[in-house]
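Each chain, written out:
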Amino acid sequence: MKNIIILSLLLICTNTFGQTTDIAIIPEPVSLKVQKGSFLLDNNVTINDNDLEGAKNVMHMLTGYLDANYGVKLSITGPHPNGRSIRIEQDNQFNQKEGYGITITHDFVVLKGTAQGLFYAVQTFIQLLPSVKNGALNLPLISINDYPRFGYRGMHLDVCRHFFPTEFVKKYIDYLAFHKFNYFHWHLTDDQGWRIEIKKYEKLITIGSKRNGTIIGRYPGTGNDNTPHGGFYTQDEIRDVVKYAADRFITIIPEIEMPGHASAAIAAYPDLSCFPDESTQVPKGAAWSGSTTGKQVQQTWGVFEDVFCPTENTFTFLENVLDEVMALFPSKYIHIGGDECPKESWKRSPFCQQLIKEKGLKDENGLQSYFIQRIEKYVNSKGKSIVGWDEILEGGLAPNATVMSWRGEKGGIAAIKEGHHVIMTPDTYVYFDHSQNKHEDSVTIGGYLPLEKVYNYEPVPPVFTEAQASDSMGKAKFVLGAQANLWTEYITNPRKVEYMIFPRMSALSEVVWTPKAKKDWSNYQRKLPAMLKRYEFMGASYSKSYYDLQSSVLPSADFNGLVWKLESKNKEGHIIYVKGRSNNATFNYSKSLVISANGEYGAALSRKDHTFISNWIWQKFAFNKATGKKIILKDKPADNYPGSGAFTLVNGIVTTEKLSQSSEWLGFLGKDLDATIDLGKPQAIRKIALDVLRQEGSWIYPPSSVEFLTSADGRTFKSQAIVHPGTNGNWPNERKIEKEFSNLNARYIQIIAKNYGIIPSGQPGSGTPAWLFADEIEVE
C-alpha cells in the first residue's frame with residue numbers, strides 16, 4: 001500500500017481560492033480558524049518520511065499528487081525536517097479514530113491523526129490548493145480540527161439493472177473517498193442479473209448474469225432493445241475492488257437479495273422456486289425478447305412473484321453462496337435485502353402452507369420472518385451481522401439485525417423502539433435516482449429530490465429527544481448514520497451515474513460528517529461553485545439544475561388567475577420571458593407574472609449581451625372554471641409526492657405522464673383523495689374531470705371510484721354522480737375520469753377518489769397498497 005498514489009487525489013481539482021475568505025471545504029469541518037498570510041508551497045519545501053505505514057502512505061499521496069498536478073517536487077527528508085516543510089504526524093491515540101488536525105503556518109504544514117484521519121486530512125488539504133497549475137502555490141494560514149458526526153456514511157450502487165465494469169466501480173469508490181464516505185453498499189444480485197461469481201454454482205454466471213433484452217423507456221416500455229445485457233465480477237476482481245476500497249478506508253457491504261428479487265438465481269436454478277416447472281411470467285404490457293418458456297432473467301423493472309421457496313434445498317444454496325461471499329468481503333455486515341417480497345407464491349404453495357403450520361407461524365409474513373431469522377443465525381455463526389431493508393420488520397425482526405429504513409422513516413423508528421441499530425436511507429431524501437430537476441430531460445424513476453432537500457435532511461428522527469438520541473459526545477446512540485441509494489433501472493452509463501450523484505453527494509457529506517450545529521445552507525451554497533469546479537477537473541458529469549430557473553405557480557390575490565413565479569440562484573444576468581414559441585418579442589421578468597388565459601410561456605436567464613446563461617423552460621397553461629380557485633384537501637399527499645400542495649390540482653398545468661415531472665403529481669399511498677374547490681360564486685357546471693395516472697409497473701393505479709358532489713354553501717354536499725373507471729368507456733384509453741351534467745349549478749365542488757386498494761396477484765407490487773396519482777381537476 002505504501003506506493004499507492006490514490007487515484008481520487010490525482011483526479012480532483014482544487015478551486016481558485018486566492019483569499020482566505022474564499023475557503024470552501026466540503027464537508028464543513030468541526031473547527032476552522034484562519035489567520036492572515038500564506039504558506040508558499042514550492043520545490044524548496046520538504047516533507048518528512050516516517051516509519052508508520054499510515055504516515056508513509058500520506059507522504060506518497062501528497063508528493064505524487066503535487067508532482068502530477070502542479071509539477072512541485074517535494075524533497076523527502078528524515079522524520080524531523082528543517083525549514084519550510086510538510087510534517088505528517090501519525091498519532092494512533094488521536095482523540096477520534098477518523099479525526100484529524102491540520103495546521104498551516106508561514107513555515108510549516110502539519111497533518112495529524114490516525115492512519116484513517118490522515119487520509120481524510122489529505123482530502124481536506126487538496127481543497128486548500130489553488131487551481132492554477134503554473135506558478136507558486138499559496139496556502140492560507142489555517143487551523144482545522146475535524147471528525148465525523150456519524151460512524152456510518154454510505155453510498156449505494158446497483159449494478160444489476162445495468163452493469164458497470166470494475167474500472168468505473170473504482171472511480172465511484174474514489175468519489176466516495178473524496179467526500180469522506182466510509183461505506184460502499186454494492187447491490188450485486190437482483191431479478192435482472194446476478195453479478196458475482198460463485199464457484200459452487202456456475203450457472204449463476206453462465207445463465208443468471210445475462211438477460212436477452214431490456215425494455216425501452218419507462219415501464220412497461222415502448223418496446224425491447226433485443227440486445228443481450230450481462231456482466232459479472234470474478235472473485236479475483238472482487239478481491240481487487242475490496243482492497244482498493246480498503247486502501248481508501250472504505251468498507252464494502254455486499255448485498256445478496258433474498259427471499260424476493262430472486263429471478264436471476266431462479267433462472268439459473270429453477271428448483272429454488274416453489275413452482276420450478278412454471279415459466280417466468282412476462283409482465284403485462286411489456287415487450288419481451290427471446291424465449292418465454294422456462295425460467296428467465298427479467299427484462300423489465302418492478303417486483304416479481306417468483307421468489308425463493310424456503311426449502312432445505314434453498315437454504316443450503318444460500319448458505320453456500322454466503323460462504324463464498326463472506327470469504328471475499330471482510331465487512332462485519334452482509335446485506336440480505338429482504339424487501340419487496342410478494343407472498344403470492346407462498347400462498348399457493350402446499351409446501352409453504354404446511355411449513356407455516358409446522359412452525360406455528362401466523363401467516364406468510366411470519367414465514368418471511370422465519371426465513372430472515374434462519375439466514376441471520378447462519379451469518380451470525382460466521383461472526384458476521386445482517387443488514388436488511390425495513391421489510392424485514394414484517395412478521396417480527398431478526399434479533400441482531402440492522403435495519404436500513406428506506407420507505408420513509410417509520411421502519412427505522414419502529415426498529416429503534418425494538419432496540420435495533422438503524423441506517424437511515426429514506427427515499428424522500430436520499431434516493432439519488434429521483435429527478436433533481438422539475439424539467440428533467442431524460443427518463444428517471446420519478447420523484448423530485450432537489451439539492452436543498454438532501455442538505456436539509458436530519459438522520460435522527462425528531463420523535464426522539466436529544467437525550468435519547470445522543471451520548472455525552474453528541475454521537476447518535478441508535479442511528480449509525482445515513483446512506484444515499486442509486487438504483488439504475490434508468491441509468492445506463494457512467495456519465496449518468498455521475499450526473500445523478502453530483503452535487504447531491506456533497507450535500508449528503510455534510511449531513512453525515514458535519515456537526516448538526518455547524519450545518520449552514522447559506523454557507524454550503526457559497527461553497528458549491530468551488531465544488532462544481534472540482535467535478536469539472538475530474539472530468540465528471542454533474543447536474544447544473546441547482547442554477548437552472550425554478551418555476552412555481554401560485555394563485556392570484558383574488559383567486560381569479562395564476563401567478564407564474566420564476567427564480568434563479570445564479571445572480572448573473574436577468575430573467576426574460578416570451579409568450580409563445582413563435583414569438584420573438586421578449587420581456588423582462590420582475591417579481592411575478594400574472595396569467596389569466598390559455599397560453600404557453602418560455603423563460604431563460606440572459607446576460608446583457610443577450611446570450612443565455614440557462615436553458616429555456618416552457619410551460620403551458622390551460623384554464624377552466626376551477627383554475628386558480630381556492631382548494632382544500634382532507635388528507636395531505638405522501639411526503640415523496642407532495643406536488644405543490646393542494647393548489648397543484650387547480651394550477652392550470654396538465655402534465656405529461658413522465659414521473660420525472662412529479663412536482664405536478666399528488667401521490668396518495670393506499671389513501672383516498674378528497675378535495676373541495678370554491679369556485680367563488682355559483683356557476684353553471686357542464687362537466688367535471690379528474691386527471692389521474694395509470695402506471696401499474698410503478699404501482700400506480702386508477703381510483704376504484706370517483707364521486708362528484710356539489711354544494712351551495714360549502715357545508716351541505718349532494719352527490720351528483722359516481723364513476724367507476726374501466727366501466728364507463730373512457731378508461732384505460734383516456735386518463736381523465738369525467739362526468740357530464742345538465743342543469744347543474746353550484747359554487748362548491750367536492751371530488752372523492754377512492755384508492756384502488758391492494759395491488760392484485762400477478763402485478764408488480766402485488767399484496768401492497770396501490771398509489772393514487774392525481775394532477776388536475778377541470779370544471780366546465
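From a predicted model like this one, the values you see are computed outputs, not experimental measurements.

**Describing the overall build of the protein**
Then, number 1: For the protein, the count of helices and strands is 18 helices and 33 strands.
Then, number 2: The C-alpha atoms of the protein give a radius of gyration of 29 Å, which matches the 28 Å a tight globule of 780 residues would have.
Then, number 3: Seen along its three principal axes, the alpha-carbon backbone of the protein occupies a region of about 95 × 75 × 55 Å.
Then, number 4: The burial tally for the protein puts 60% of its 780 residues in the buried class.
Then, number 5: Of all intrachain contacts in the protein linking residues separated by at least 6 positions in sequence, the fraction that spans at least 24 positions is 72%.
Then, number 6: With an accessible surface of roughly 30500 Å², the protein has 49% of that area assigned to carbon and sulfur atoms.
Then, number 7: Put simply, the protein has 84 plus and 84 minus side-chain charges, and the middle of one group is 5 Å from the middle of the other.

**Overview of the packing of aromatic side chains**
Then, number 1: Applying the stated criterion across every chain yields a total of 44 aromatic pairs.
Then, number 2: With a centroid separation of 4.8 Å and 85° between ring planes, the pair formed by Tyr 546 and Tyr 547 is classed as edge-to-face. You'll find Tyr 546 and Tyr 547 in the same group, each marked buried.
Then, number 3: These aromatic residues form a ring-pair network of at least three members: Phe 163, Phe 164, Phe 168, Tyr 172, Phe 184, Trp 186, Tyr 233 and Phe 329.
Then, number 4: When the ring centre of Phe 315 is taken as origin, the NZ or CZ atom of Arg 374, which lies over that ring, is 4.2 Å away.

**Focus on the pattern of salt bridges**
Opposite charge on two side chains allows them to pair when their charged atoms are near.
Then, number 1: One pass over the full model with this rule turns up 32 salt bridges.
Then, number 2: Of the charged contacts in the structure, one is a salt bridge between Arg 161 and Asp 158, with a shortest N-O distance of 3.1 Å. We note that Arg 161, like Asp 158, is buried.
Then, number 3: A single salt-bridge network, built from bridges that share partners, covers Asp 158, Arg 161, Asp 190 and Glu 489.

**Examining helix H18 (residues 521-538)**
Then, number 1: With 18 residues, H18 should reach 26 Å at 1.5 Å per residue; the first-to-last C-alpha distance of 25 Å fits that figure.
Then, number 2: Remark: the principal bend of H18, roughly 35°, maps to Lys 527, with a proline, Pro 529, within the next four residues.
Then, number 3: Those residues of H18 lying buried are Trp 521, Tyr 524, Lys 527, Leu 528, Ala 530, Met 531, Leu 532, Arg 534, Tyr 535 and Met 538.
Then, number 4: With a side-chain oxygen lying 2.9 Å from the backbone nitrogen of Ser 522, the N-terminal cap of H18 falls on Asp 520.

**Some points on the pairing of strand S6 (residues 108-113)**
Then, number 1: Sheet topology note: the strand S4 (residues 85-90)/S6 ladder contains 6 bridges and is parallel. Along S6, the bridge assignment pairs Gln 90 with Gly 113.
Then, number 2: The antiparallel hairpin formed by strand S5 (residues 100-104) and S6 contains 3 residues in its connecting segment.

**So, the side chain of Glu 364**
Then, number 1: Position of Glu 364 among the secondary structure elements: in helix H11 (residues 364-381).
Then, number 2: Buried within the structure, Glu 364 lacks any salt-bridge partner; Lys 347 is the closest side chain of opposite charge, at an N-O distance of 5.1 Å.

**Some thoughts on the packing of helix H10 (residues 350-358) against H11**
Then, number 1: At their nearest, the axes of H10 and H11 sit 10 Å apart, and the two run at 80° to each other. Judged on the interaxial angle alone, H11 and H10 are roughly perpendicular. For the pair H10 and H11, the contacting residues are Cys 352, Gln 353, Leu 355 and Ile 356 in the first and Glu 364, Leu 367 and Tyr 370 in the second.
Then, number 2: For the contact of H10 with H11, the per-class residue count stands at 5 nonpolar, 1 polar and 1 charged.

**A short note on the pairing of strand S17 (residues 402-405)**
Then, number 1: Burial along S17 is two-sided: Thr 402 and Met 404 facing one way and Val 403 and Ser 405 facing the other are all buried.
Then, number 2: Examined bridge by bridge, strand S16 (residues 385-389) and S17 share 3 bridges and lie parallel to one another. Considered in S17, the bridge of Gly 388 is made with Val 403.
Then, number 3: Bridge analysis of S17 against strand S18 (residues 422-424) gives 3 bridges, and the strand direction is parallel. Looking at the pairing, Val 403 lines up with Val 422 of S18.
Then, number 4: Read as a crossover between parallel neighbours, the route from S17 over helix H12 (residues 410-417) to S18 is right-handed.

**Side note on the sheet that holds strand S8 (residues 152-158)**
Then, number 1: One closed barrel accounts for 8 strands, arranged S8-S9-S14-S15-S16-S17-S18-S19; its pairing is parallel. Strand after strand, the sheet turns through a mean of 30° between neighbouring axes, direction not considered.

**A few points about the environment of Val 387**
Then, number 1: Position of Val 387 relative to the elements: it lies in strand S16.
Then, number 2: For Val 387, a relative accessible area of 0% corresponds to the buried category.
Then, number 3: Between the C-alpha atom of Val 387 and that of Lys 332, which follows or precedes it by 55 residues, the distance is 9.9 Å.
Then, number 4: Contact partners of Val 387, with chain neighbours within four places excluded, come to Tyr 333, Ile 334, His 335, Ile 336, Gly 337, Thr 402 and Met 404.

**Considerations on the nonpolar core**
Then, number 1: Among the nonpolar cores identified, the biggest contains 158 residues, and Leu 111 and Trp 186 are the most heavily contacted of them.
Then, number 2: With residues near it in sequence (within four places) discarded, Trp 186 still touches Leu 157, Val 159, Val 169, Tyr 233, Ile 238, Val 241, Ile 252, Ile 253, Pro 254, Glu 255 and Phe 329.
Then, number 3: In this structure, Leu 562, Ile 653, Leu 744 and Ile 777 belong to the second largest nonpolar core, which totals 48 residues.

**Here we look at the side chain of Glu 197**
Then, number 1: In this structure, Glu 197 sits in the loop between strand S11 (193-194) and helix H5 (203-206).
Then, number 2: Side-chain polar atoms of Glu 197 contact the side chain of Lys 199, separated by 3.3 Å.
Then, number 3: At a separation of 2.8 Å, a polar atom in the side chain of Glu 197 contacts the main-chain amide nitrogen of Gln 235.
Then, number 4: When residues no more than four places from it in sequence are discounted, the contact partners of Glu 197 are Ile 205, Phe 232, Tyr 233, Thr 234, Gln 235 and Glu 324.

**Focus on the confidence of the model for the protein**
Then, number 1: This prediction gives the protein a mean pLDDT of 90; 94% of its residues lie at or above 70.
Then, number 2: Per-residue pLDDT stays below 50 along residues 1-20; that stretch engages in 75 contacts with residues further than four places along the chain or on separate chains.

**Overview of the sheet that holds strand S21 (residues 562-567)**
Then, number 1: A sheet is described by the order of its strands in space; here 3 strands give the open sequence S20-S21-S24, paired in antiparallel fashion. Every interior strand has two partners, whereas the edge strands, strand S20 (550-555) and strand S24 (593-595), have only one. The mean inter-strand angle of the sheet, taken between neighbouring strand axes irrespective of direction, is 30°.
Then, number 2: In terms of strand pairing, S21 meets S24 through 3 bridges, oriented antiparallel.

**Re unusual backbone geometry**
Then, number 1: Look at the link from Tyr 219 to Pro 220: it is a cis peptide, with omega at 5°.
Then, number 2: Tracing the backbone shows Pro 220 in the loop between strand S12 (210-211) and strand S13 (229-230).
Then, number 3: Residue Phe 502 is joined to Pro 503 through a cis peptide bond whose omega torsion reads 5°.
Then, number 4: Position of Pro 503 relative to the elements: it lies in the loop between helix H16 (494-501) and helix H17 (504-513).
Then, number 5: With a phi angle near 45°, Glu 340 is a residue other than glycine that sits in the positive phi range.
Then, number 6: One non-glycine residue, Phe 559, lies in positive phi territory at about 60°.

**Thoughts on the environment of Phe 478**
Then, number 1: When you line up the elements, Phe 478 lands in the loop between helix H15 (466-469) and strand S19 (479-484).
Then, number 2: In this structure, the C-alpha to C-alpha distance between Phe 478 and Ala 115, residues 363 residues apart in sequence, is 26 Å.

**Some remarks on helix H4 (residues 166-178)**
Then, number 1: Under the 1.5 Å per step criterion, the end-to-end length of H4 is 18 Å for 13 residues, consistent within 8% with the ideal 18 Å.
Then, number 2: Along H4, 11 of the 13 residues are buried, which leaves the element largely enclosed by surrounding structure.
Then, number 3: Restricting attention to buried positions, one finds in H4 the residues Thr 166, Phe 168, Val 169, Lys 170, Tyr 172, Ile 173, Asp 174, Tyr 175, Leu 176, Ala 177 and Phe 178.

What counts, and at which threshold
In every chain, residue numbers begin from 1 and rise along the written sequence. It should be noted that, the model being predicted, local features are given only for residues of pLDDT at least 70 and side-chain atom pairs only at 80 or more, the latter also being counted only at that level, while totals for whole chains, interfaces and linings use all residues. Hydrogens and water molecules were not included; the side-chain quantities draw on all heavy atoms of the structure. By the criteria applied, helices consist of DSSP H or I runs no shorter than four residues and strands consist of E runs no shorter than two, each listed in order from the N terminus. For this measure, only C-alpha atoms enter the radius of gyration; the expected value for a globule follows 2.2 Å times N^0.38, where N is the number of residues. Partly exposed describes any residue whose relative accessible area lies between the buried limit of under 20% and the exposed limit of over 50%, with all areas from a 1.4 Å probe on protein chains only and scaled to the type maximum. Throughout, a residue-residue contact means that at least one pair of heavy atoms, one from each residue, lies within 4.5 Å. In this description, accessible areas are obtained by the Shrake-Rupley approach with a 1.4 Å probe, and a residue is regarded as covered only by the protein chains that are shown. By the counting rule applied here, Lys and Arg register as positive and Asp and Glu as negative, while His and the ends of each chain are not counted. By convention, the point assigned to a charge is CZ for Arg, NZ for Lys, CD for Glu and CG for Asp. Aromatic pairs are defined between Phe, Tyr and Trp rings, using the six-membered ring for Trp, whenever the two ring centres lie within 6.5 Å; interplanar angles under 30 degrees are classed as stacked, those over 60 as edge-to-face, and all others as tilted. In our convention, an over-ring charge means Lys NZ or Arg CZ found within 6 Å of a ring centre and within 35 degrees of that ring's normal. Should a side-chain nitrogen of Lys or Arg be within 4 Å of a carboxyl oxygen of Asp or Glu, the pair is scored as a salt bridge. Expected span of a helix, by definition, is 1.5 Å for each gap between consecutive residues, and there is one gap fewer than residues. Bend at a residue means the angle formed by two fitted axes: the first through the 7 residues ending at that position, the second through the 7 residues beginning there. Counting of polar contacts relies on pairs of N or O atoms within 3.5 Å, with two restrictions inside protein: one atom must be capable of donating a hydrogen and the other of accepting it, and residues adjacent in sequence are counted only when both atoms are side-chain atoms. Strands were regarded as paired on the criterion that DSSP finds at least two bridges between them. Lines fitted to the C-alpha atoms define the axes, with helices restricted to the stretch that makes contact. Angles between their N-to-C directions range from 0 to 180 degrees. In what follows, roughly perpendicular refers to angles from 65 to 115 degrees, roughly parallel to angles under 35, roughly antiparallel to angles over 145, and oblique to any angle outside these ranges. Only Asp, Glu, Lys and Arg are considered charged in this grouping, and only Ala, Val, Leu, Ile, Met, Phe, Trp, Tyr, Cys and Pro are considered nonpolar; every other residue, Gly among them, is considered polar. The crossover handedness rule: strands pointing away from the viewer, path from first strand over the helix to second strand clockwise, crossover right-handed. Residues belong to one nonpolar core when they are buried, are Ala, Val, Leu, Ile, Met, Phe, Trp, Tyr or Cys, and are joined through side-chain atoms within 4.5 Å. Note on scores: pLDDT gives the predictor's confidence for each residue, bounded by 0 and 100.

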